[in-house]
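# Understanding the architecture of this molecule
Residues per chain are reported as follows:
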Amino acid sequence: MFAAERRQLILEMVRANGAVSLRELARVVQTSEVTVRRDVRALEAEGLLDRRHGGAVLPGGFTRESGFPQKSHLATAEKTAIADVAANLVEEGEAIVVGAGTTTQELARRLARVPGLTVVTNSLLVAQALAHANRVEVVMTGGTLRGSNYALVGSGAEQSLQGLRVSRAFLSGSGLTAERGLSTSNMLSASVDRALVQAAAEVVVLADHTKLGTDTMFQTVPTDVITRLVTDEPPPHDERAASELQALADQGVQIAVAGTGQGAAAGEQLPPGVRGRREMPLPVQRGGRMPAAGQFRGSGPGLGAEPLERTARVADLRRR
């Protein structure tokens, strides 16, 4: 494939999806990420798209929301690994809320085997994934159906969540930054997500590396409200994504990185240079010193500085 053909295909993918990772672009155009990165830079120089952490987005700063058909085919391996790690947080007999999204849909598929679980959701996709789980009770919110992501939104959804209290909320979104936290491109979806957050004792954000550093119109979860972030391993060259993760950790967000390598179980790999202790999900206490890009350090009591090997296990994320 010639360079002009590759760049035209890259441009069409970004226009169709709003945001696409370098990894996904390289897979579709059947070339290396190095070549794709060069193409993205050329297209950015022409003002046709913007580079973001590990990917490309529509020009103009804020990305628009892609529909479910487009999202379901993006970063599928990363979403699967993230869902595997997040499912380990859920305990038997627990009550949780799960928001709308393709990553939370993957999580729901893994929750079907948790006995005595109660799941409150505004997502038809989440409910469908759990519909035949005999040991799981599913509670749907009210509201108006938003067809682009199969979610219930509006005042009916928000009112049905009033007075509810559960242990955890699992949410995804369109973008995540240390400055603003989790955000989405749709006002109605953002309002319901805020109501889900209000119902939970702690908030777990599920976001693959392409969403790190991406800012969209409506804030759903401020950074200081996020308890944990479950993400995938950014590409080795993506120092900006590593810096964004460190900035989130410095604000008290506990971070777990899910491995997506061939033959690796989710959550069993750490990015090169990651530091931390196995019994913790890579938390960094507030006020911790910023390490070099691509490294994470625990600066609080009990967090050692010894490096972990790439095959070291991520911390046991189960609730203590």
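Residues numbered from 1 in each chain as written. Predicted model: local features only at pLDDT ≥ 70, side-chain atom pairs only at ≥ 80, totals over all residues. Heavy atoms only, no water.

## Details of the pattern of salt bridges
Applying the stated criterion across every chain, the model contains 12 salt bridges. Between Asp39 and Arg7 there is a salt bridge, and its shortest N-O distance comes to 2.9 Å. Here Asp39 is found in helix H3 (residues 33-45), whereas its partner Arg7 is found in helix H1 (residues 3-17), with 32 residues between them in sequence. One salt bridge connects Glu106 with Arg110, and the closest N-O pair in it is separated by 3.0 Å. Highlighted residues: Glu106 and Arg110, both in helix H6 (residues 102-111), separated by four residues, approximately one helical turn. Each member of the pair Glu106 and Arg110 is classed as buried. Salt bridges sharing partners connect three or more residues here, namely Asp84, Glu106, Arg109 and Arg110. (Salt bridge = Lys/Arg side-chain N within 4 Å of Asp/Glu carboxyl O. Helix = DSSP H or I, 4+ residues; strand = E, 2+ residues; numbered from the N terminus. Buried < 20%, exposed > 50% of the residue type's maximum accessible area, 1.4 Å probe, protein only.)

## A look at a nonpolar patch on the surface
A cluster of nonpolar side chains, Leu124, Met140, Leu145 and Tyr150, forms an exposed patch at the surface whose accessible area comes to about 330 Å². The residue Met140 is located in strand S6 (residues 136-140) in this model. For Met140, a relative accessible area of 33% corresponds to the partly exposed category. (Patch = residues over 30% accessible without salt bridge, like charges linked within 9 Å, V, L, I, M, F, W, Y side chains within 5 Å. Areas by Shrake-Rupley, 256 points an atom, 1.4 Å probe, with all protein chains shown as cover.)

## Digging into helix H10 (residues 239-250)
For H10, with 12 residues, the first-to-last C-alpha span of 16 Å sits near the 16 Å given by 1.5 Å per residue. Buried within H10 we find Ala241, Ala242, Glu244, Leu245, Gln246, Leu248, Ala249 and Asp250. Of the surrounding secondary structure, the elements contacted by the buried residues of H10 are strand S10 (175-177), strand S14 (228-232) and strand S15 (254-258). Two residues or fewer past H10, Gly252 is found with a positive phi of approximately 95 degrees. (Expected span 1.5 Å × (residues − 1). Contact = heavy atoms within 4.5 Å.)

## Focus on unusual backbone geometry
Residues other than glycine seldom take positive phi values, yet Gln30 does so here, at roughly 60 degrees. Relative to the assigned elements, Gln30 resides in the loop between helix H2 (22-29) and H3. Within the chain, Tyr150 stands out as a residue other than glycine whose phi angle is a positive 55 degrees. Tracing the backbone shows Tyr150 in the loop between strand S7 (144-146) and strand S8 (151-153). Residue classification places Tyr150 among the partly exposed residues on the basis of a relative accessible area of 36%.

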